[in-house]
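Spelled out, the chains give:
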Amino acid sequence: MVSPAALVRTLIIAAFVALLAFAPASAQQVVVTTTVTWTYDTGDDSADADDGDVIDESAALLADEGLAEDADLGATRRYAPSATLATLGQAKARFGPFAVVDGTTVRMAGDVTSATPRQFAAMLAAFPGLKRLEMIDCPGSLDEEANLILARAVRRAGLETIVPSGGSVRSGAVELWLAGAVRRAAPDAEFGVHSWADETGREANDYPADDPVHAEYLGYYREMGMDDAKARAFYALTNATPFDNVRYLTRADMARFVTLN
């Protein structure tokens with residue numbers, strides 16, 4: 001004998017099948033949900049690595065990595081990197097865009113994402129003797145808040161920032177270079193600047209001059225050693241170029257605003 005509950009389930013299923021049979025073909029869609037599991041690996045096979053320093057990036061935004069592949073920040077290299085910078089070379093360990101080459105030097109190539117400050121912290125925990133951050137090919141940031149967090153962490157760590165011969169920093173990476181306790185740049189170092197844009201596409205000059213949105217950038221520049229006049233002049237210079245374009249500055253141009261060693 002069929003129980004009342006089983007009979008009700010059978011009638012519901014039959015009604016659902018009948019409904020699908022008479023529904024337009026275009027409405028009969030199957031929705032598939034895919035779950036992605038993402039783990040972070042330092043890629044370090046050396047004896048210097050400590051398994052306890054490997055961080056789990058499962059909480060990071062997967063969208064950041066998708067953006068990193070296709071992002072058009074309007075700030076591409078003016079020229080190809082020199083042969084010596086074509087690769088990062090052998091690394092003791094890798095943490096996101098960072099490649100530790102020895103106990104005192106780390107090289108950087110790639111964008112800053114929401115995960116990068118955590119990767120930087122894990123790197124310092126594993127290699128507390130780091131002193132130099134060589135910025136090889138740094139297009140900018142996909143998360144401006146994370147970029148400023150990272151920049152302040154670089155300053156707190158007392159790292160010197162270096163753009164070597166053939167090196168290039170653009171967009172938000174210029175702010176990151178400014179964070180160096182000591183800043184260095186080769187004569188042919190490349191600095192690409194342009195205006196920022198918010199999530200709606202509005203750029204810096206679309207906001208009134210007295211809008212609080214400008215205060216964060218001006219405050220950061222002052223924090224990194226510019227006086228008020230230089231901070232405002234540098235901010236105006238960057239915002240004079242639209243977000244989808246780029247203006248290239250030289251080492252000498254940057255020396256007008258900050259001290260270089």
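Use the structure listed above.
Every chain begins its residue count from 1, and numbering advances along the sequence as written. Residues qualify for local features only when their pLDDT is at least 70, as the model is predicted, and side-chain atom pairs are given and counted only at 80 or more; totals for whole chains, interfaces and linings, by contrast, use all residues. Values shown for side chains rest on all heavy atoms present in the structure; no hydrogens or waters enter the calculation.

Things to note about the overall build of the protein chain
- Looking only at helices and strands, one finds eight helices and nine strands in the protein chain.
- Every one of the 261 residues in the protein chain was classed for burial, and the buried ones make up 41%.
- Restricting to contacts in the protein chain with at least 6 residues of sequence separation, those with at least 24 account for 69%.
- Here, Shrake-Rupley sampling with a 1.4 Å probe gives the accessible areas, and only protein chains in the shown set may cover a residue. When the accessible surface of the protein chain is summed, it comes to about 14,100 Å², and 56% of that surface belongs to carbon and sulfur atoms. Secondary structure follows DSSP: runs of H or I at least 4 residues long count as helices, runs of E at least 2 residues long count as strands, and numbering of each begins at the N terminus. In this scheme, a residue with accessible area under 20% of its type's maximum is buried, one over 50% is exposed, and one in between is partly exposed, where area comes from a 1.4 Å probe on protein chains only. Working rule for contacts: check all heavy atoms of both residues, and any pair within 4.5 Å makes them a contact.

A word on the packing of aromatic side chains
- Centre distance within 6.5 Å is the pairing criterion for rings of Phe, Tyr and Trp, where only the six-membered ring of Trp is used; planes under 30 degrees apart are then read as stacked, over 60 as edge-to-face, and the remainder as tilted. This structure, assessed with the given rule, holds ten aromatic pairs.
- Measuring from ring centre to ring centre gives 5.6 Å for Trp196 and Tyr207, while their planes differ by 40 degrees; the resulting arrangement is tilted. Linking Trp196 in the loop between β8 (190–193) and α6 (213–223) with Tyr207 in the loop between β8 and α6, this pair joins segments that are eleven residues apart in sequence. In this pair, the class of Trp196 matches that of Tyr207, namely buried.
- Where Tyr221 meets Tyr235, the ring centres are 6.4 Å apart and the plane angle is 55 degrees; that geometry is what we call tilted. Pair noted here: Tyr221 is in helix α6 and Tyr235 is in helix α7 (residues 228–239), with a separation of 14 residues, a long-range link.
- The exposure class of Tyr221 is buried, given its relative accessible area of 1%.
- Residue Tyr235 is classed as buried on the basis of its relative accessible area of 7%.

Quick look at the packing of helix α3 (residues 116–126) against helix α4 (residues 144–157)
- Interhelical geometry of α3 versus α4 gives an angle of 20 degrees and a closest axis separation of 9 Å. Classified by the angle their axes make, α3 and α4 are roughly parallel. For the pair α3 and α4, the contacting residues are Thr116, Pro117, Phe120 and Leu124 in the first and Ala146, Ile149, Leu150, Ala153, Val154 and Ala157 in the second. Only the stretch in contact is used when fitting a helix axis, every axis being a line fitted to C-alpha atoms; angles between N-to-C directions are given from 0 to 180 degrees. Orientation is classified from the angle alone, with under 35 degrees giving roughly parallel, over 145 giving roughly antiparallel, 65 to 115 giving roughly perpendicular, and any other angle giving oblique.

Let's talk about the nonpolar core
- Here, the term nonpolar core denotes a set of buried Ala, Val, Leu, Ile, Met, Phe, Trp, Tyr and Cys residues that are joined through side-chain atoms within 4.5 Å. Counting residues in hydrophobic clusters, the biggest one holds 51 residues, and the most contacted among them are Phe98, Met135, Trp177, Leu178, Phe191, Tyr221 and Phe234.
- If sequence neighbours within four positions are ignored, Phe234 has contacts with Val174, Leu178, Val193, Tyr221, Met226, Leu249, Met254 and Phe257.

Let's talk about unusual backbone geometry
- The phi angle at Ser171 is positive, at roughly 55 degrees, despite the residue not being glycine.
- Structurally, Ser171 is set in the loop between β6 (168–170) and α5 (172–178).

Examining the side chain of Ser195
- Relative to the assigned elements, Ser195 resides in the loop between β8 and α6.
- Aside from chain neighbours lying at most four places away, what touches Ser195 is Glu203, Ala204, Thr238, Asn239, Thr241, Pro242 and Phe243.

Quick notes on α6
- When we look at burial in α6, the residues that qualify are His214, Tyr217, Leu218, Tyr220 and Tyr221. The buried residues of α6 all sit within an arc of 155 degrees when viewed along its axis, so they share a single face.
- Those residues of α6 hidden inside the fold are in contact with α4, α5 and α7.
- Following α6 by one or two positions, Gly225 has its phi on the positive side, about 115 degrees. The arc under discussion is defined with respect to the helix axis, by the directions toward the C-beta atoms.

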